[in-house]
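# Fold and geometry: a report
These are the residues of each chain, in order.
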Amino acid sequence: MAQVSLNKVSKLFPGNVKAVDNINLSIENKEFMVLVGPSGCGKSTTLRMIAGLEEISSGDIYIGEKKVNDVPAKDRDIAMVFQNYALYPHMTVFENMSFGLRLRRMPKREITQRVNEAADILGIKRILQRKPRELSGGERQRVAVGRAIVRKPLVFLFDEPLSNLDAKMRVQMRTEIHKLHLKLQTTIIYVTHDQTEAMTMGDRIAVMKDGLLQQVADPIMIYDHPKNKFVASFIGSPPMNFMRGKIIRKDSRLYFCEGKVNVKLVEDMRQKLSLYTDKEVIFGIRSEDIYDKLFVSEAPPENIVKANCEVYEPMGSEVYLYLNTGKHTFVARVGAHNRPKVNQDMDLVFDMSKVHFFDKDSEETIV
């Protein structure tokens, strides 16, 4: 079993700086768990505590059934892949990959077999006799992953492994690591600040901010049902659009009103939001839930918002529209057939069945 459990784990740095605050997290056997959040949120510190490279200030960490608080890193049966690859420049690829096995005085025949197996999986057999300076960034990354594979650990730890690669190579390596997980059927804990990596790779995502866990769930659950405004803003590209306004009752119906934005709430939201009548809330809508009225066959007049298109940004298969109501700015992600004129007003339709509301003080999700 390679389950990893963190029970009330905290990390306090000198000066009473709390990098990780009372985290409870259980990673299941063979699960691909992604820790995601902005720089300084504590995700890498959490990973280093699991690895044994950073002492914990309080709490307990278990790998399988074994408590590892005081177990040295080398005895935790984990393998870590770093952001900077950490390859020995004077060694060949074969020597880099086999270094840990040689330290354990493993028989040469088994070392060769393990290295060749890992090289086959990663498609790097042809470069085994090269040195790191002769390799591309993607090849170095594969070597670093290969060095972890040959150890056959209980748990793989990845600390932002793709951040040094160009955009095209990042996409390719995302796929490679995902396929690797399916082949090896082992537990992977992966740290990144890139929400696209988190969404496309993880079985579950743990979103962190300021050392605290914000939400742990599968990618679609986090995207569709964010727990708070931070999660809603961090997961998704472009980020969710937000507006502050009031819930108003008109003729027994509820509306969100602010400036030129006056839209009717759907029935499913009325019960919870009736408690916020005449109170300020935060309204959130994702860019793909805003449409050009010209391309909507039936648009309820209560869901139409007039805005000025300030920037038209073609992305190939879709278009980003940067819009302004005079009081609010927001982004719509529409089909490539949309070609509105810049600096002219246009009618937009909000899909009110997909909107989110957050408490203005706690920023927790209302609906």
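Right above here is the structure, for reference.
Residues numbered from 1 in each chain as written. Predicted model: local features only at pLDDT ≥ 70, side-chain atom pairs only at ≥ 80, totals over all residues. Heavy atoms only, no water.

This part covers the overall build of the chain. In terms of regular secondary structure, the chain is built from 9 helices and 20 strands. With the principal axes as the frame, the chain shows a C-alpha extent of 80 × 45 × 35 Å. Burial status across the chain gives 48% buried among its 367 residues. Total accessible area computed for the chain in this model is approximately 17,900 Å², and 48% of it derives from carbon and sulfur atoms. The average position of the 54 basic charges and that of the 47 acidic charges among the side chains of the chain differ by 6 Å. (Helix = DSSP H or I, 4+ residues; strand = E, 2+ residues; numbered from the N terminus. Buried < 20%, exposed > 50% of the residue type's maximum accessible area, 1.4 Å probe, protein only. Areas by Shrake-Rupley, 256 points an atom, 1.4 Å probe, with all protein chains shown as cover. Lys, Arg positive; Asp, Glu negative; His and termini not counted. Charge placed at Lys NZ, Arg CZ, Asp CG, Glu CD.)

We now examine the pattern of salt bridges. Throughout the structure, instances matching the rule amount to 19 salt bridges. Here Glu110 and Arg114 are joined by a salt bridge, their closest N and O atoms 3.2 Å apart. Pair noted here: Glu110 and Arg114 are both in helix H3 (residues 108-122), with a separation of 4 residues, about one helical turn. Through salt bridges with shared partners, one network takes in Lys11, Arg48 and Glu54. (Salt bridge = Lys/Arg side-chain N within 4 Å of Asp/Glu carboxyl O.)

Attention shifts here to the pairing of strand S3 (residues 32-36). Summarising burial for S3: 5 of the 5 residues are buried, a large majority. Residues Phe32, Val34 and Val36 of S3 are buried on one face, and the alternating residues Met33 and Leu35, pointing to the opposite face, are buried as well. For S3 and strand S8 (residues 187-192), the ladder comprises 5 bridges, and the chain directions are parallel. Opposite Val36, over in S8, you have Thr192 as the bridge partner. Alignment of S3 against strand S9 (residues 204-209), held across 4 bridges, turns out to be parallel. From the neighbouring strand, Val34 faces S9, where its bridge partner is Ile205. (Pairing = 2+ DSSP bridges.)

With that out of the way, let us pick up helix H2 (residues 93-103). Listed in full, the buried residues belonging to H2 are Val93, Asn96, Met97, Ser98 and Leu101. Buried residues along H2 sit against H3 and helix H4 (137-149). Phi for Arg105, located one or two positions after H2, is positive at around 55 degrees. (Contact = heavy atoms within 4.5 Å.)

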